[in-house]
Structure formats: C-alpha cells, structure tokens
Amino acid sequence: MTLKGKTLFITGASRGIGLAIGKRAAADGANVVIAAKTTEPNPKLPGTIYTAAKEIEAAGGRALPLAVDIRDEAAVLAAVAKAVETFGGIDILVNNASAISLTDTEHTPMKRYDLMNGINARGTFLCTQACLPELKKSAAANRNPHVLNLSPPLSMKQQWFAPHTAYTMAKYGMSLCTLGHSGEFRKYGIGVNSLWPRTLIATAALQMIPGVDVKLGRKPEILADAAHFIFTGPSSNSGNFFIDDELLAAHGVKNLEQYSVTPGTKHFMPDLFLD
C-alpha cells in the first residue's frame, strides 16, 4: 500500500518532524495540508508554510499551505474546510505541533503553561475533533484513515514529572488522546496511535534549548519512515505507543546509520519519557 492520492492534514509541518512526514508521504504522491503558524522567515527557526509547500511539491506531492494557530477553533475549522474543498477529504491527521519548556514549577510562567497545554493537549483534541467527520467518511470509503499523535508512551513514574511538571502534563495530554480516541473511534474504523523517538531528534526548535546537543541525535526522517509504516498498515492496528526504532525493526529496518546526524555515532542522547 502507498499513500498515493491520500490527503494528510499535518500540524506544525513548516519544518522538522512534521515536514519530514509530509515529504515522505509526498514521495508516494500524497496531498499534504501544511497547518502551521509560520508565514514569515525567522533566522532562528528556518522554514515557513510556503517553503514547506515547495519542498513537498518537489518531493512529488500536492501541497496546501494554511496559516493556522491550532489554539484557535475557528481557524482550525476553516483549515479543515479548505482542505476538503481543495482535496476532497482528509484521510490522515498528524498531530505534530507542540510547545516545550523544560522548566520547573517555579520557573514556568502561566503564559508558558497555557501555551504548552493550549497547543499540545487542547490543540490535539481540537484538530482531532475537527477532522473526525472527514476521517469517518474516509473509513466508510475504505481509505484506511489514521490519526497519529507525536507523543510518548504514558508512564506514571515521578521521574518524568518532577523536573518539568507543566510540559509533561501537556505532552501526556496528547498521549491521553491516543488512549481515549483509539477506543472511541474503533467502531468507525479509524486507527489512532502515538509515535515517539528513542533518541533526540535534530530539529531547529531543539537547538534553541540549552544543553541539547543535536549532533548526538537522529534526523527527523527516522520518524517519517516509521510514520509511513503506520499509515500504510491497517487502521485496525490502533491504540499503540510506537517507538521509532522498534517499529522500523519490526518491518526489517535494523541498520539506522542513515538517520544519524553524526555518522558513526554509537551513543545517542536519549529522548524523554522512555524508561
């Protein structure tokens, strides 16, 4: 199975992991809706919805760049309507947009708390709710619809909360959507899963966080290839919290050297939330 002719609605797809997932789908001939906020170039965070659209089209797909703040319900609903008007429906939703602040409670302003929870937890729920009618239509047409949340396995271990309670609450909010929606949407034939990296993923956003050495990470393409296996698998395989290297190994991809930021790296910086 390929994604040719399928339509993906990807939040935060102007750069990084979201863009990589879009380009991998585009290589199959998919339609990609780029739902993100960045419309003007930023020297610290390269990439806009328009540069992303050019990359997706160059990869072989069709692109629809839409300026969307996923905290804005009206903007999300308008983007979904435009996607349907342009491509005829939505088959895959990728909840990738996320905000991060690895700060303790004392050093987390409520404005930052609200940003993280508004984008991560509420934004994921809102986009899923907004796309649900189209995903149900996709299921009815046997088009194998999926929702993929870029979020970690749920763990109630204190070690994942104590250093940055606000961020963990927000990120786990996305994972709770996977847990709940996979059960809720099973009757419709919509697959809902989470995907998370084993190692740090080298993105421009992470480079701005002190103490993070992206040279000891992997490229976003590892998540793009893992996501592709999910999307081309049956939507009945739902409710999973996939880890990128485990998923690739299950499909016979065990040599991951191509994804290393620094060739020959043996000891990668691990990502959060994995025991």
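Before reading further, recall that the structure is shown in the block above.
Residues numbered from 1 in each chain as written. Predicted model: local features only at pLDDT ≥ 70, side-chain atom pairs only at ≥ 80, totals over all residues. Heavy atoms only, no water.

A. Geometry of the overall build of the protein. Broken down by element type, the protein carries 8 helices and 7 strands. The principal-axis extent of the C-alpha atoms belonging to the protein is close to 45 × 40 × 40 Å. Buried residues in the protein amount to 53% of all 275 residues. Put simply, the protein shows about 12,200 Å² of open surface, and 56% of that area lies on carbon and sulfur atoms. Of the side-chain charges in the protein, 27 are positive and 23 negative, and the distance between the mean point of each set is 3 Å. (Helix = DSSP H or I, 4+ residues; strand = E, 2+ residues; numbered from the N terminus. Buried < 20%, exposed > 50% of the residue type's maximum accessible area, 1.4 Å probe, protein only. Areas by Shrake-Rupley, 256 points an atom, 1.4 Å probe, with all protein chains shown as cover. Lys, Arg positive; Asp, Glu negative; His and termini not counted. Charge placed at Lys NZ, Arg CZ, Asp CG, Glu CD.)

B. Quick look at the pattern of salt bridges. Under the definition given, this model contains 11 salt bridges. Among the ionic pairs, Lys-23 bridges to Glu-55, the shortest N-O distance being 2.9 Å. With Lys-23 in helix α1 (residues 16-26) and Glu-55 in helix α2 (residues 49-58), the pair connects residues that are 32 residues apart, well separated along the chain. For the salt bridge of Arg-71 with Asp-69, the shortest nitrogen-to-oxygen distance reads 2.9 Å. A residue is classified by how much of its surface remains accessible, and Arg-71, at 35% relative accessible area, is partly exposed. (Salt bridge = Lys/Arg side-chain N within 4 Å of Asp/Glu carboxyl O.)

C. The arrangement of the packing of aromatic side chains in detail. Following the criterion strictly, the structure yields 6 aromatic pairs and no others. On the basis of an interplanar angle of 50 degrees and a centroid distance of 5.2 Å, the ring pair of Tyr-172 and Phe-273 is categorised as tilted. One end of the pair, Tyr-172, is in helix α5 (residues 165-184); the other, Phe-273, is in the segment after α8 (244-250), with 101 residues separating them in the sequence. Using a relative accessible area of 3% as the deciding quantity, one classes Tyr-172 as buried. Relative to Phe-273, the ring of Trp-196 has its centre 5.9 Å away and its plane inclined at 55 degrees; by these criteria the two rings are tilted. Of the two residues, Trp-196 sits in strand β6 (residues 191-196) while Phe-273 sits in the segment after α8, which places them 77 residues apart along the sequence. Among the residues examined, Trp-196 registers a relative accessible area of 7% and is labelled buried. The class of Phe-273 is buried, set by a relative accessible area of 2%. (Phe/Tyr/Trp six-rings, centres within 6.5 Å; stacked < 30°, edge-to-face > 60°.)

D. Representation of the environment of Asp-69 in the model. Following the sequence through the fold, Asp-69 ends up in the loop between β3 (62-67) and α3 (73-87). On a C-alpha basis, the gap between Asp-69 and Lys-37 in space is 5.6 Å, while along the polypeptide they are 32 residues apart. When near neighbours in sequence (up to four residues on either side) are disregarded, Asp-69 contacts Lys-37, Ala-75 and Val-76. Here the side chain of Asp-69 touches Arg-71 through a polar contact of 2.9 Å, side chain to side chain. (Contact = heavy atoms within 4.5 Å. Polar contact = N/O pair within 3.5 Å; in protein donor to acceptor, adjacent residues only side chain to side chain.)

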